[in-house]
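Coordinate inspection notes
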Amino acid sequence: MEVNNQIINEFINHLTPGKVIDLQLGSTSIVRIKPTVIGIDLGVYLLVKFPSKLNPADYKDVLVEGTGVIVRYILEGEHGECIAFTTTIQHVSIKPNRLVFLNYPTRIENRQLRTYQRERTHLPAQISPNQVNGKLTGSCLDGYIVDISAHGCQFSFRPGEGKGGIKKCPVYIAITLMGMDEPFLIKAHVKNNRLENGHILVGIMFDESSLEKISTLLDDMAINAD
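Let me sum up the structure you'll find in this document.

Rules of the game
Residues numbered from 1 in each chain as written. Predicted model: local features only at pLDDT ≥ 70, side-chain atom pairs only at ≥ 80, totals over all residues. Heavy atoms only, no water. Helix = DSSP H or I, 4+ residues; strand = E, 2+ residues; numbered from the N terminus. Buried < 20%, exposed > 50% of the residue type's maximum accessible area, 1.4 Å probe, protein only. Contact = heavy atoms within 4.5 Å. Pairing = 2+ DSSP bridges. Axes fitted to C-alpha atoms, helices over the stretch in contact; angles between N-to-C directions. Salt bridge = Lys/Arg side-chain N within 4 Å of Asp/Glu carboxyl O.

**Considerations on the overall build of the chain**
- The number of helices and strands found in the chain is two helices and 16 strands.
- Taken across its 226 residues, the chain has 41% of its residues classed as buried.
- Contacts in the chain between residues at least 24 apart in sequence constitute 56% of all its contacts with a sequence separation of at least 6.

What follows is the structure, encoded as structure tokens:
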């Protein structure tokens, strides 16, 4: 879709330093690399750093000024969108760092990734890799569900000092709904996590064995909202 500069800037502003993007080199090429965003000069260029493990000499035929490229990246969180745009290489710097300047886009395309609409919420919850007799055991993380759908949710918690995110692994989620004596215990899988505003946001996919229980939870949420 063709959009004005303000909307383009809103999408581009999500490309914060350190974010890894997918870069397809050449309009007819299948050469793809994953550089890291270094910075942005709004309306002028996007600056990315070439992956250190790759040899620029292997890409000398396409890593040149004027080469057409396709940039793709994911907006996580509540957005759930794949963003893409075409542009050209403005400049390539090999020393002291291997940097690529990309011309600022004039057109942005976005595509919703989620098949199921997520409902914004603030449900108290805990997650743990273990449970016994329907109750979480071991080291539990306290937080809350910030959005939820029939197939997944996003769990937020504030990490302790020196602690980071959660590895991709099976987990159990205990979700507390107002008026219920016992929390809903859901079997799920951690798919991704990221740090945002001092909180770790964890992307979670529900296990197929828990989908009926999630349907009941969503129905109860709708009743309580009414």
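**Comments concerning the pairing of strand β6 (residues 81–93)**
- Across eight bridges, strand β5 (residues 68–75) lies against β6 in antiparallel orientation. Directly across from glycine 68, in β6, lies its bridge partner threonine 88.
- Relative to strand β7 (residues 99–103), β6 is paired through four bridges, and the arrangement is antiparallel. Note that in β7 the partner of histidine 91 across the bridge is phenylalanine 101.

**Describing the side chain of serine 210**
- Here serine 210 is to be found in the loop between β16 (199–206) and α2 (211–225).
- Accessibility expressed as a relative area gives 5% for serine 210, which makes it buried.
- Those residues within four positions of serine 210 in sequence are excluded, and the remaining contacts are Ile186 and Lys187.

**Things to note about the sheet that holds strand β9 (residues 119–128)**
- What the six strands build is a closed barrel, ordered β9-β12-β13-β16-β15-β14; its pairing is antiparallel. This sheet shows a mean twist of 45° between the axes of neighbouring strands, independent of strand direction.
- Here strand β13 (residues 152–157) runs beside β16; their pairing, made up of six bridges, is antiparallel. Along β16, the bridge assignment pairs serine 156 with leucine 201.

**Some thoughts on the pattern of salt bridges**
- Within this structure, the stated rule accounts for six salt bridges.
- For arginine 32, the salt bridge goes to aspartate 22, with nearest N and O atoms at 2.9 Å. With arginine 32 in strand β2 (residues 31–33) and aspartate 22 in strand β1 (residues 22–25), this residue pair connects regions lying 10 residues apart in the sequence.
- Relative accessible area serves as the criterion here: at 11%, aspartate 22 is assigned to the buried category.
- Of the charged contacts, one joins aspartate 22 and arginine 72 as a salt bridge, the two residues approaching to 3.8 Å between their closest N and O atoms. Taken together, the positions of aspartate 22 in strand β1 and arginine 72 in strand β5 put the pair 50 residues apart, joining distant regions of the chain.
- Each member of the salt-bridge network shares a partner with another, and the members are Asp22, Arg32, Lys34 and Arg72.

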